[in-house]
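# Examining the three-dimensional arrangement
Read off the chains here:
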Amino acid sequence: MDSARTHTSPPDDARFTAPAGRALATEAVHAGRDDLAAQGLHAPPIDLSTTYPSYDSRGEAARIDAFAATGAEPDGPPVYGRLGNPTVARFETALARLEGTEAAVAFASGMAALSAVLLVRGSMGLRHVVAVRPLYGCSDHLLTAGLLGSEVTWTDPAGVADALRPDTGLVLVESPANPTLAEVDLRAVAHACGSVPLLVDNTFATPVLQRPAEYGARLVLHSATKYLGGHGDVLAGVVACDEEFAGRLRQVRFATGGVLHPLAGYLLLRGLSTLPVRVRAASANAADLAGRLAADPRVARVHYPRIGGAMVSFEVHGDPHAVIAGVRLITPAVSLGSVDTLIQHPASISHRIVDADDRRGAGVGDRLLRLSVGLEDVDDLWADLDRALGERAAGAVSPREALSRAD
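In this report, we go over the structure that sits alongside the text.

The rules behind the values
By convention here, each chain's residues receive numbers from 1 onward along its written sequence. Owing to the predicted nature of the model, reporting of local features is limited to residues with pLDDT of at least 70; listing and counting of side-chain atom pairs is limited to 80 or more, with chain, interface and lining totals taken over all residues. Excluding hydrogens and water, the side-chain figures rest on all heavy atoms present in the structure. By definition, any uninterrupted DSSP run of H or I lasting at least four residues is a helix, any uninterrupted run of E lasting at least two residues is a strand, and each is numbered from the N terminus. For the radius of gyration, the atom set is restricted to C-alpha positions; the globular benchmark scales as 2.2 Å times the number of residues to the power 0.38. Summary of the burial criterion: residues with accessible area below 20% of their type's maximum are buried, those above 50% are exposed, and those between are partly exposed, where the area comes from a 1.4 Å probe applied to protein chains only. Note on contacts: a residue pair qualifies if any of its non-hydrogen atoms lie within 4.5 Å across the two residues. Residues scored as positive are Lys and Arg, those scored as negative are Asp and Glu, and His as well as the terminal groups of each chain are ignored. A single reference atom marks each charge: NZ on Lys, CZ on Arg, CG on Asp, CD on Glu. Pairing of aromatic side chains here covers Phe, Tyr and the six-membered ring of Trp, requires ring centres within 6.5 Å, and sorts the geometry by plane angle: under 30 degrees stacked, over 60 edge-to-face, intermediate tilted. Note on criteria: charge over ring means Lys NZ or Arg CZ within 6 Å of the ring centre, with the direction from the centre no more than 35 degrees off the ring normal. Each salt bridge in this description consists of a side-chain nitrogen of Lys or Arg and a carboxyl oxygen of Asp or Glu lying within 4 Å of one another. For the purposes of this section, nonpolar cores are sets of buried Ala, Val, Leu, Ile, Met, Phe, Trp, Tyr and Cys residues that join through side-chain atoms within 4.5 Å. Angular values range over 0 to 180 degrees, each being the angle between N-to-C directions of two axes fitted as lines to C-alpha atoms, with helices fitted over their stretch in contact. If you view the pair so one helix is near and one far, a crossing is left-handed when the near helix is turned anticlockwise from the far one by less than a right angle, and right-handed when it is turned clockwise. The classification used treats Ala, Val, Leu, Ile, Met, Phe, Trp, Tyr, Cys and Pro as nonpolar, Asp, Glu, Lys and Arg as charged, and all other residues, Gly among them, as polar. Strands are labelled as partners when DSSP assigns at least two bridges between them.

Counting its secondary structure elements, the protein chain contains 15 helices and 12 strands. Against the 2.2 N^0.38 benchmark of 22 Å for 407 residues, the protein chain shows a C-alpha radius of gyration of 22 Å, consistent with a compact globule. With the C-alpha coordinates aligned to their principal axes, the bounding extent of the protein chain is approximately 80 × 55 × 35 Å. Evaluated residue by residue, the protein chain yields a buried proportion of 53% over its 407 residues. For the protein chain, the share of sequence-separated contacts (at least 6 apart) that also reach a separation of at least 24 residues comes to 71%. One way to put it: in the protein chain the 37 positive side-chain charges average out to a point 1 Å from where the 47 negative ones average out.

Our next topic: the packing of aromatic side chains. Across all of its chains, the model carries one aromatic pair by this definition. Relative to F254, the ring of F67 lies with its centre 5.7 Å away and its plane at 75 degrees, an arrangement referred to as edge-to-face. In this pair, F67 is assigned in helix α2 (residues 57-70) and F254 in helix α9 (residues 243-256), connecting sequence segments 187 residues apart. Judged by relative accessible area, F67 falls into the buried class, the value being 5%. Relative accessible area serves as the criterion here: at 28%, F254 is assigned to the partly exposed category. Sitting over the face of the ring of F254, R82 holds its NZ or CZ atom 4.6 Å from the ring centroid. Geometry around F107 places R253 over its ring, the cationic atom sitting 6.0 Å from the centre.

Once that is clear, we can look at the environment of V120. Inspection of the secondary structure assignment puts V120 in helix α4 (residues 110-122). Excluding residues within four positions of it along the chain, V120 makes contact with F245, R248, L249 and V252.

Turning next to the pattern of salt bridges. Within the structure shown, the criterion is met by 20 salt bridges. For R253, the salt bridge is made with E92, and the minimal N-O distance between the two is 2.9 Å. Of this pair, R253 sits in helix α9 while E92 sits in helix α3 (residues 86-99), placing them 161 residues apart in sequence. Here the two residues R253 and E92 agree in accessibility, since each one is buried. With a shortest N-O distance of 2.8 Å, E243 and R250 are connected by a salt bridge. Relative accessible area serves as the criterion here: at 33%, E243 is assigned to the partly exposed category. What makes R250 buried here is its relative accessible area of 3%.

Attention shifts here to the side chain of N285. With respect to the helices and strands, the residue N285 is situated in helix α11 (residues 275-294). Owing to a relative accessible area of 12%, N285 belongs among the buried residues under this scheme. Ignoring sequence-local partners within four residues, the contact set of N285 consists of V373, G374, L375, E376, V378 and L381.

Further remarks concern the nonpolar core. With 38 residues, the main nonpolar core has F91 and L228 as its most contacted residues. Put simply, the parts of the chain that give this core at least two residues each are α1 (24-30), α3, β1 (103-107), α8 (206-209), β7 (237-241), α10 (262-273) and α11. With residues near it in sequence (within four places) discarded, F91 still touches A106, A224, L228, V238, L260, G265, L268, L269 and L272. L114, V152, F245 and L249 belong to the second-largest nonpolar core, a separate cluster that totals 26 residues.

Looking now at the packing of α11 against helix α14 (residues 378-388). In the contact formed by α11 and α14, the axes pass within 10 Å of each other and the chain directions differ by 35 degrees. The way α11 lies across α14 gives a crossing that is right-handed. Contacts between α11 and α14 pair N285, D288, L289, R292 and L293 from the former with V378, D379, L381, W382 and L385 from the latter. Taken together, the residues that form the contact of α11 with α14 break down as six nonpolar, one polar and three charged.

A few words on the environment of G390. As for its placement among the helices and strands, G390 is situated in the loop between α14 and α15 (399-405). It is 32 Å that separates the C-alpha atoms of G390 and C138, two residues lying 252 residues apart in sequence.

Right, let's talk about the sheet that holds strand β9 (residues 311-316) for a bit. With mixed pairing, five strands are arranged side by side in an open sheet as β8-β9-β12-β11-β10. Each having just a single partner strand, β8 (299-303) and β10 (331-332) make up the two edges of the open sheet. The strands touched by α11 are β8, β9 and β12 (368-372); relative to β9, the strand with the most contacts, the crossing angle is about 15 degrees.

Written as structure tokens, this is what we have:
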């Protein structure tokens, strides 16, 4: 949505229920922890072991053979940290429940997760990818540079079906997109994909605002560094999917070593418990700021998705770098999804690696700023933005008047 003139409120828990019939907020707190009370535990344990004892070497060999065949998680006690970890498995179970998929596989970063998906499809001779811009800059670069042997066809959502080839292994979209917050009709794109798996980067929306698997996506990607962790202190990625694809992802993770550290898995599981509360509170702040920015004559254009969310992008008439330099409460930094508010200039940082013409063609202009809205008081955030935007133009309105003019 442009200019923040309309928006929808974040969905109620009643829209998203877990297979067991529990609401999303309940699942966020309890998924991955269901066995703790029976063990006499309240907080999930952190298992830091890299290896595990086994006196049955024949049985160990059989379990490893079974993993090599299907990638299924080995029955019985753990084997080795690169095969899997009990703490990380708790987070994977919880995220799969929130996204409504059979499984989830965690990695050391979001880019490691995307790389694993491409390697799975490439190993089957399906190296062609159909993708819709904009994407996160490093995802764009990974595809364009062919670093993993992939070939990409860029298209708009309406052109997905025509772009498919016999060797197409994946269709990739991000909605809302980084950094323009453009939205894609996921159900329509999934239909256009036919039998080709659709991967949706759901980092910005989180399962609180949308669950792409319900619209036909086979793969749901998260940079878990962002909202799932939520506190700017963990680096991780995860793919939610069906069990068959999860098995292949585990095999790639084992072979390439892109494993998630157990402490990160613990922090992510803890982060999920407050995810619905954090996303809804930050989204309310973001919608408020989007309305104020839309009514400010110093701002040329505002992007805020109809689905809602905690991200706002806006284009300024003046120097965007002066805005970055002028904030004091808001942190000028890359990344997003933390409890504090961050601002960055995509053309200089997150999307710098994308060819300038491609970047601008995808709507990532040189005056665009991306704001990840946190949990601070919204009036304090506006005061900081108002100061950083510089001298008010003639006819400017007060923050209260600006808010009242936003629908």
